[in-house]
Amino acid sequence: MRTQLIGKLDLDRTRLAQDLEATFDINFAEPYDEFVCGRPWKSAMLMTPGGGEGSVLSQFDPSASADFTADSQHLPYIQELIREHFATEHITFVRLIALTNSVLVPHCDYVELSEDDKSRIAHRVHIVLSTGEDAMFNESDSVYRMKEGEVWFIDVTKPHSAGVVGETRRVHLLIDVADVADIKNLFKFDHELSGGIPEANLCDRPELADGEREGILALSRIIDEENIMQVLGLVIKKHYRKDGGPNFVWSTMQEIARLSDDERIVKKVSDLYRHTNLERIEK
Ligand code: YCP
Ligand code: CO
């Protein structure tokens, strides 16, 4: 399913605020380190196959039907949002995601899954519970914002990344749903698929200036195996604010690596690209 706006939920701000406060008592997992430049990507499972604990999707048998986890019991309003707006029988996973001052490496998901698993988590839906101007999303060469209350399909087979370039605590619900005969059956609220990323959600980014590009490429003079993720983080952050042209992040990293004249850096960049975009080898 291509990335698009599905609809908007009227959130009860007071009840939501209570639940968001309660999320501070939940133990978030901090998985997918290798995708993160900055503070951890924090994830709490709210629904899983069987309702048990675990931090990453691959720890569950997706053929079991999904149930609410113990953590989700602390969040009565969010549970209600899920129950009242979605046909829960199609849900495989629901995660609560918190991100602050951090950018994710542009990547593709599902690359490690079998065809069977893919059909059980065929569609990824985002619900925005809390966000800000500094919280953005990227797909291919576009950067956009999902606004509070909005519900989106995200095509995670396309290269994508999330970024909060400031102090906002961005909180989303991520709902993975199985392939259903008619997509309309998933939703119990008024919805209208936008067909693509609406113009109003796209971020207007000025073109990257020549001097900035030179400065970024000059990171080749200091890049090493210890700071590579910070260099990558700088390049990604710049991508969220400036338009550097097609495939900016990875083509810039490859160029920085080449200019570094360091074979280890060239290999690290290419390994990281392969792991995040082409094949995920569990270590
Ligand atoms: C996921 N993709 O969609 C992960 C989250 C980054 C990579 C972290 O489950
Ligand atoms: Co992803």
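You'll find the structure just up there.
We now turn to the structure provided with this report. What you see is a predicted model, and the numbers here were worked out from it, not measured in a lab. (Residues numbered from 1 in each chain as written. Chains lettered and ligands numbered in written order. Predicted model: local features only at pLDDT ≥ 70, side-chain atom pairs only at ≥ 80, totals over all residues. Heavy atoms only, no water.)

Below, the discussion takes up the coordination of the cobalt ion (ligand 2). Every protein donor of the cobalt ion (ligand 2) is listed here as His-107 (NE2), Asp-109 (OD) and His-160 (NE2), and their distances to the metal cover 1.9 to 2.3 Å. Judged by its relative accessible area of 3%, His-160 falls in the buried class. (Donors = N, O, S within 2.8 Å, 3.2 Å for Na, K, Ca; no water. Buried < 20%, exposed > 50% of the residue type's maximum accessible area, 1.4 Å probe, protein only.)

Further remarks concern the pairing of strand β5 (residues 91-99). Among the 9 residues that make up β5, 9 are buried, leaving the element largely enclosed by the rest of the structure. Pairing of strand β3 (residues 42-49) with β5 involves 5 bridges; the strand directions are antiparallel. From the neighbouring strand, Met-47 faces β5, where its bridge partner is Val-94. When β5 meets strand β12 (residues 170-177), the two strands line up antiparallel, connected through 8 bridges. Across the sheet, residue Leu-96 finds its bridge partner in β12, namely Leu-173. (Helix = DSSP H or I, 4+ residues; strand = E, 2+ residues; numbered from the N terminus. Pairing = 2+ DSSP bridges.)

In the vicinity of ligand 1, the contacting residues are Tyr-32, Phe-35, Trp-41, Arg-95, His-107, Asp-109 and Arg-124. Within the side chain of Arg-95, one N or O atom sits 2.8 Å away from an oxygen atom of ligand 1. Measuring from a nitrogen atom of ligand 1, one finds a side-chain N or O atom of His-107 at 3.3 Å. Considering ligand 1 on its own, with 260 Å² of exposed area, one finds that the protein chains cover 95% of that surface. If you map ligand 1 onto the pockets, it falls in the largest pocket. Grouping the constituent residues of the shell around ligand 1 by class yields 3 nonpolar, 1 polar and 3 charged. (Near = heavy atom within 4 Å. Polar contact = N/O pair within 3.5 Å; in protein donor to acceptor, adjacent residues only side chain to side chain. Areas by Shrake-Rupley, 256 points an atom, 1.4 Å probe, with all protein chains shown as cover. 1 Å grid on protein atoms, 1.4 Å probe; cavity = no way out; pocket = protein on both sides within 12 Å on 5 of 7 lines; lining within 4 Å. Sits in = over half its atoms within 2 Å of the grid points. Nonpolar A, V, L, I, M, F, W, Y, C, P; charged D, E, K, R; others polar.)

Let's shift gears to empty space enclosed by the protein. Inspection of the entire model under this criterion finds 1 cavity of 30 Å³ or more. Considered as a void within the structure, the largest cavity measures approximately 40 Å³ in volume. As for the largest cavity, its lining consists of Thr-131, Ala-135, Met-136, Phe-137, Arg-145, Met-146, Arg-170 and His-172. Of all the secondary-structure elements, those providing two or more residues to the lining of the largest cavity are β8 (135-139) and β12. (Points joined across faces, edges and corners; volume = space filled by probe spheres on them.)

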